Amino acid sequence: MHPSRLSSDHWFWRKAPWLPAIVFLLGLALSGAAALVRQIDIDRDAENEFQLSTLRLSNEINRRFGVPIYGLNGLKSIYAVSTWATHVDCVVALVAGSLR
């Protein structure tokens, strides 16, 4: 390199010693902002996925209770383990068709 070129570069860095710090801080701020935006997107996607899976599960539970065999099995289980459900209660629920 030519000596005059070297001295002019050296002169610039002597006149602007804060420039590397500003470039660093600007890059740090941009990286932090990008990470924050990405994290917000990830959180929103996770919340949407959770809501969708909750809705699917709720619909599946309602569907299964709507199928009579599952309702009958549930009624049989309640009668078997419950201390308050009597045979009459189970027959009334069965006759009423309210197996939900």
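Quick notes on the rules
- Think of each chain on its own: its residues are numbered from 1, step by step along the sequence as written.
- This being a predicted model, a pLDDT of at least 70 is required before a residue's local features are given, and a value of 80 or more before pairs of side-chain atoms are given or counted; all residues contribute to the totals for chains, interfaces and linings.
- Think of the side-chain values as coming from all heavy atoms in the structure, minus any hydrogens and water.
- Starting at the N terminus, helices and strands are each numbered in turn, a helix being any DSSP run of H or I of at least four residues and a strand any DSSP run of E of at least two.
- For the exposure calls, accessible area comes from a 1.4 Å probe over protein chains only, and a residue counts as buried if that area is under 20% of its type's maximum, exposed if over 50%, partly exposed in between.
- Every accessible area reported is derived by Shrake-Rupley at a probe size of 1.4 Å, with residue values counting cover from the shown protein chains alone.
- What goes into a patch is any residue over 30% in relative accessible area without a salt bridge, connected to like charges within 9 Å or, for nonpolar side chains (Val, Leu, Ile, Met, Phe, Trp, Tyr), within 5 Å.
- By definition, a salt bridge exists where a carboxyl oxygen of Asp or Glu is found within 4 Å of a side-chain nitrogen of Lys or Arg.

Colleague: Explain the overall build of the protein to me, please; I cannot follow it from the model alone.
Modeller: Of regular secondary structure, the protein possesses four helices and zero strands. Counting from the amino terminus, the protein carries its helices and strands in the arrangement α-α-α-α. Burial analysis of the protein (100 residues in total) assigns 8% to the buried set. Summed over all atoms, the accessible surface of the protein reaches about 8600 Å², with 68% contributed by carbon and sulfur.

Colleague: Got a minute to help me understand a nonpolar patch on the surface in this structure?
Modeller: A surface patch of nonpolar side chains, amounting to about 330 Å² of accessible area, comprises F24, L25 and L28. Residue position: F24 is located in helix α2 (residues 19-66).

Colleague: I'm lost on the pattern of salt bridges in this one. Help?
Modeller: Here the idea is simple: oppositely charged side chains can pair when their charged atoms come close. Under the criterion given, the structure shown has two salt bridges. The salt bridge partner of R44 is D41, with a shortest N-O separation of 2.5 Å. Separated by three residues within a single helix, R44 and D41 lie in helix α2, roughly one turn from each other. Given a relative accessible area of 46%, R44 falls into the partly exposed group. Given the relative accessible area of 25%, D41 is considered partly exposed.

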